[in-house]
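Descriptive structure summary
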Amino acid sequence: MEETKVEIPAHFKDLVEKIEKMSVIELNELVKVLEKRFGVSAAAVAAPAAAAGPAAEEKAAFNVHLADGGATKIAVIKVVKEALALGLKEAKDLVDAAPSLLKEGMKKEEAEDLKKKIEAAGGKVELK
């Protein structure tokens, strides 16, 4: 870990030196005491940054839901059978049971590819 040089004001030098000599357990205890004493939370300071992270970050895994088999169910069944490596009966049951979950935890590209294939066959798909 690279140490960053920070200019420490003279009136804080001895306080910072004492903190630097503390163990992790002592630092944890100090944080808890300060939180109780001043009615604050160390986590609250970091929360706004953490809350903005997931909103800006794109989902990594998608669930593919078949909303409707469409008018051309046979074509949709063929695509589902091929894409999910299912037997004909399993694929037909999934399409007939729409709305249904086809596959969980797919990467974005794979999920969008499956969605395009099913929609090209006449089905309606939702990525969640």
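The structure we're discussing is the one just above.
If you're wondering where the values come from, they're calculated on a predicted model, not measured in any experiment.

Scanning the chain for helices and strands turns up 6 helices and 3 strands. Listing each helix as α and each strand as β along the chain from the N terminus yields α-α-α-β-α-α-β-α-β. Expressed as a percentage of the 128 residues in the chain, the buried residues total 16%. Element-wise, carbon and sulfur atoms account for 59% of the exposed surface of the chain, whose accessible area totals about 9900 Å².

The next subject is helix α4 (residues 73–84). Each α-helix turn comprises 3.6 residues. Residues three or four places apart therefore point the same way. The terminal C-alpha atoms of α4 lie 16 Å apart, and with 12 residues this matches the ideal 16 Å at 1.5 Å per residue to within 8%. Here α4 has its buried residues at Val76, Ile77, Val79, Val80 and Leu84. Across the axial projection of α4, the buried residues extend over an arc of 165°, all falling on one side. In this structure, α4 carries Ile74, Lys78 and Glu82 as exposed residues pointing more than 90 degrees from its buried face. Elements that come into contact with the buried residues of α4 comprise β1 (61–68), α5 (88–96), β2 (100–107) and α6 (108–120). Immediately downstream of α4, the backbone of alanine 85 shows phi near 55°, a positive value.

A word on the packing of α4 against α6. Here α4 crosses α6 at 155°, and the two axes come no closer than 8 Å. The orientation of α4 relative to α6 falls into the category roughly antiparallel. As α4 packs across α6, the resulting crossing turns out to be right-handed. Contacts between α4 and α6 involve Val76, Val79, Val80, Ala83 and Leu84 from the first element and Leu114, Lys117 and Ile118 from the second. In terms of residue class, the contact of α4 with α6 is made up of 7 nonpolar, no polar and 1 charged.

Bridging between β1 and β2 involves 5 bridges; their strand directions are antiparallel. Counterpart to histidine 65 in the pairing with β2 is leucine 101.

Rules behind the numbers
- Residues numbered from 1 in each chain as written.
- Predicted model: local features only at pLDDT ≥ 70, side-chain atom pairs only at ≥ 80, totals over all residues.
- Heavy atoms only, no water.
- Helix = DSSP H or I, 4+ residues; strand = E, 2+ residues; numbered from the N terminus.
- Buried < 20%, exposed > 50% of the residue type's maximum accessible area, 1.4 Å probe, protein only.
- Areas by Shrake-Rupley, 256 points an atom, 1.4 Å probe, with all protein chains shown as cover.
- Expected span 1.5 Å × (residues − 1).
- Arc of directions from axis to C-beta.
- Contact = heavy atoms within 4.5 Å.
- Axes fitted to C-alpha atoms, helices over the stretch in contact; angles between N-to-C directions.
- Parallel < 35°, antiparallel > 145°, perpendicular 65-115°, else oblique.
- Left-handed = near helix turned anticlockwise from the far one by under 90°.
- Nonpolar A, V, L, I, M, F, W, Y, C, P; charged D, E, K, R; others polar.
- Pairing = 2+ DSSP bridges.

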